[in-house]
Amino acid sequence: MPRLIHGLADLAEGFDVVLCDVWGVLHNGAIVFAKAVDALRRFRLQGGKAGTGGAVVLITNSPNPSRFVRAHLDRLGAPGDAYDAIISSGDVTASLLIERAGARLLHIGPPDETALFDEVLALTGKAPRLASIEDADYVLCTGLTDPWRETPADYDARLARMHARGLDLICANPDIVVQDGGALAYCAGAIAERYAEAGGRVIQAGKPFPPIYERALALASGLRGGALDRTRVLAVGDAMRTDIKGACDQDLSSLFVTSGIHREELHRKTPEGAVADAALDAAALRQFTQAAGFSPTAAIPELVW
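These notes cover the structure that comes with them. (Residues numbered from 1 in each chain as written. Predicted model: local features only at pLDDT ≥ 70, side-chain atom pairs only at ≥ 80, totals over all residues. Heavy atoms only, no water.)

### Examining the pattern of salt bridges
Right, so step 1: Scanning the model with the defined rule gives 16 salt bridges in all.
Right, so step 2: Note that Lys-207 and Asp-21 form a salt bridge whose closest N and O atoms lie 2.9 Å from each other. With Lys-207 in the loop between strand 11 (202-204) and helix 7 (210-224) and Asp-21 in the loop between strand 2 (17-20) and helix 1 (34-46), the pair connects residues that are 186 residues apart, well separated along the chain. Just as Lys-207 is buried, Asp-21 falls in that class too. (Salt bridge = Lys/Arg side-chain N within 4 Å of Asp/Glu carboxyl O. Helix = DSSP H or I, 4+ residues; strand = E, 2+ residues; numbered from the N terminus. Buried < 20%, exposed > 50% of the residue type's maximum accessible area, 1.4 Å probe, protein only.)

See below:
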């Protein structure tokens, strides 16, 4: 059973660095969570040994490069003084695309989701070459073409054709679902999971896989001016499969925000049947972590100081 805490202040002195998830912890795609912003800002000022201040690196499975993530945060009104740096699954993906320069790719995702292609063009002077299933050398998945009307099962025929050709799939966002303005939408991870189950080879760019943590910890090391003590790094997130599993795999302490994508499973409903402001159900959390086979270090309904 993870330790149930009242706020980040309960843990802050024991950590020098926070690796904080974005979507589901800092905002829901439409609204910034003011209490979470306040908590991160205070950690930067009062966290660490003797309250001398800590570093905050936002670590997100967004398929967009970090500069686009920062622009989105700016549009939502998340202040820049709440964090020091950002690393995204999109950053890792852009590097993977650059490694395959000249190869032809099939893109699965919203047609207007071109930030990765813009990033590769900006970094190398050449845009990736797009192709059909028949002509592609590999596949890039940034999400469902229409996540509000489609399900991962709608892609089975396409995935079978990809598998028949032996195409690798680069998954730019390992999340299965994400909250978007309160509703759940499928992400690229749902397609990647289905492809892997069919026998296809998947290359994952984000959490819970090592490459994004390597970059995040390198950023944090630079911010702290030297080698990190990993026992003093805290990962914060709302998704057990990505945020908490990734922290466990990296031997990092973790703080589980229970009111994100797992709210329905972990929070008691009010008499009216709502869960928006319902209390965390400790028994449900215990069963949830036991079923997962791993557990966060601590848990909190929402990120507050």
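Still more ground to cover, so stick around.
### Description of the sheet that holds strand 8 (residues 168-171)
Right, so step 1: The five strands are arranged 6-5-7-8-11 in an open sheet whose pairing can be described as parallel. Every interior strand has two partners, whereas the edge strands, strand 6 (129-130) and strand 11, have only one.
Right, so step 2: Examined bridge by bridge, strand 7 (residues 138-141) and strand 8 share four bridges and lie parallel to one another. Pairing of Cys-141 across the sheet is with Cys-171, part of strand 8. (Pairing = 2+ DSSP bridges.)

### Section: the packing of helix 3 (residues 89-99) against helix 7
The description of two packed helices rests on the angle between their axes and on the distance between the axes.
Right, so step 1: One can describe the packing of helix 3 onto helix 7 by two numbers: an axis separation of 10 Å at closest approach and a directional angle of 110°. The orientation of helix 3 relative to helix 7 falls into the category roughly perpendicular. Contact residues: Ser-89, Asp-91, Val-92 and Ser-95 in helix 3; Pro-211, Ile-212 and Arg-215 in helix 7. (Axes fitted to C-alpha atoms, helices over the stretch in contact; angles between N-to-C directions. Parallel < 35°, antiparallel > 145°, perpendicular 65-115°, else oblique. Contact = heavy atoms within 4.5 Å.)

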